[in-house]
Amino acid sequence: MSIFSSNNSNKQNPAPSELEDISSEYPSSEDQEPAPSGELSLRLIPGRQDTNIHGGISGGWVAARMDEAAESVASKIAHGRVANVSMDSMVFMSPIRVGAAVCVYTTLEDIGKSSIKINVEMWTRNLGDGERRKVVDATFVYVAIDEQGRIRNVPR
Ligand SMILES: CC(=O)SCCNC(=O)CCNC(=O)[C@H](O)C(C)(C)COP(=O)(O)OP(=O)(O)OC[C@H]1O[C@@H](n2cnc3c(N)ncnc32)[C@H](O)[C@@H]1OP(=O)(O)O
């Protein structure tokens, strides 16, 4: 369940094949370095069009990319439309630089009667020192809904 984003009209957004999964570059667990957990669901490189008025990547942009990745996973599980009913509070631990690779990883935590709970992590590779850092992690909950917006059961 992976979606990949690229905008080939922008040189800073190469095709997915040109982007590697950040997790593959992490040292082995023996090194006890932090590593992403979950399935790679979205990878992209933010460009200048993604910045706020100060030239930085905003928390809103980050939350939107996480929602995009998790909603795609939830929609596949629900076989259709879902609505985001909650997301955790988010603590942004590292900045994202324009041109730095960003990867979003998702882990399915629970499927309820109508709800789907997904943990989402975003990681980036710092352009300056090349180090991979976790940007944020949060849990998103989606509810399966029909075309009229009524709650429905998640198919089993
Ligand atoms: C405003 C926006 O545009 S935000 C972005 C898009 N999101 C939306 O539009 C969603 C707006 N919200 C809604 O339409 C409604 O709240 C709905 C349809 C999602 C849910 O309606 P509710 O009456 O709260 O549903 P209900 O109480 O029956 O709960 C449905 C499921 O959601 C879960 N749920 C409800 N609220 C929460 C919550 N705050 N956190 C986690 N799970 C929740 C319930 O546990 C239940 O799960 P289950 O069926 O697996 O046991």
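Refer to the preceding data block for the structure.
Report follows, based on the coordinates. For every chain, the first residue of the written sequence is number 1, and numbering continues from 1 onward in sequence order. The predicted origin of the model limits local features to residues at a pLDDT of at least 70 and limits the giving and counting of side-chain atom pairs to 80 or more, whereas totals for whole chains, interfaces and linings rest on all residues. The side-chain quantities take in all heavy atoms of the structure and omit both hydrogens and water.

Section: the pairing of strand β5 (residues 132–144)
Two strands pair when backbone bridges link them, and strand β2 (residues 82–87) and β5 are joined in this way by 5 bridges, in the antiparallel orientation. The residue of β5 that forms the bridge with Asn-84 is Tyr-142. Any two strands are treated as partners once DSSP identifies two or more bridges connecting them. Where helices and strands are cited, they refer to DSSP runs of H or I of at least four residues and of E of at least two residues respectively, numbered from the N terminus. In the sheet, strand β4 (residues 115–125) pairs with β5 via 11 bridges, with the strands oriented antiparallel. Bridging across to β5, Glu-121 finds its partner in Asp-137. The hairpin turn running from β4 into β5, its antiparallel successor, is 6 residues long, and Gly-130 in that turn takes a positive phi close to 75°.

Brief notes about the nonpolar core
Grouping buried Ala, Val, Leu, Ile, Met, Phe, Trp, Tyr and Cys residues that are joined through side-chain atoms within 4.5 Å yields what is termed a nonpolar core. Think of it in three bands: residues with accessible area under 20% of the maximum for their type are buried, residues over 50% are exposed, and the middle band is partly exposed, with areas taken using a 1.4 Å probe on protein chains only. Among the nonpolar cores identified, the biggest contains 30 residues, and Val-62, Met-66, Ile-96, Ile-118, Met-122 and Phe-140 are the most heavily contacted of them. Those elements that provide at least two residues to this core are β1 (39–44), α1 (59–78), β3 (102–111), β4 and β5. Ranked by residues supplied to this core, first place goes to α1 with 10 residues. When checking whether two residues touch, look at their non-hydrogen atoms; a contact exists if any pair is within 4.5 Å. Among residues more than four places away in sequence, those in contact with Phe-140 are Ala-63, Met-66, Asp-67, Ala-70, Asn-84, Ser-86, Met-87, Met-90, Ile-116, Lys-117, Ile-118 and Val-120.

What about the side chain of Ser-94?
Turning to its location among the elements, Ser-94 is positioned in the loop between β2 and β3. Using a relative accessible area of 13% as the deciding quantity, one classes Ser-94 as buried. Only 3.1 Å separates the side chain of Ser-94 from the backbone oxygen of Lys-134, close enough to count as a polar contact. When residues no more than four places from it in sequence are discounted, the contact partners of Ser-94 are Arg-133, Lys-134 and Val-135. Polar contact is the term for a pair of N or O atoms within 3.5 Å; when the atoms are in protein, one must be able to donate a hydrogen and the other to accept it, and sequence-neighboring residues count only if both atoms are side-chain atoms.

Here's the deal with the environment of Val-102
Here Val-102 shows up in strand β3. As for Val-102 and Asp-129, which are separated by 27 residues in sequence, their C-alpha atoms are 15 Å apart.

A few points about the pattern of salt bridges
Where charged atoms of side chains with opposite charge meet at close range, the side chains can pair. When a carboxyl oxygen of Asp or Glu is within 4 Å of a side-chain nitrogen of Lys or Arg, the pair counts as a salt bridge. With the rule as written, the count across this model stands at 6 salt bridges. The partner of Arg-81 in a salt bridge is Glu-147, with the nearest N and O atoms 3.9 Å apart. Of this pair, Arg-81 sits in the loop between α1 and β2 while Glu-147 sits in the segment after β5; the two residues are 66 residues apart in sequence, bridging distant segments of the chain. Residue classification places Arg-81 among the partly exposed residues on the basis of a relative accessible area of 38%. Assessed through its relative accessible area of 60%, Glu-147 is described here as exposed. Between Lys-134 and Asp-137 there is a salt bridge, and its shortest N-O distance comes to 3.1 Å. Since its relative accessible area comes to 23%, Lys-134 is described here as partly exposed. According to the relative accessible area criterion, Asp-137 is partly exposed, its value standing at 30%.

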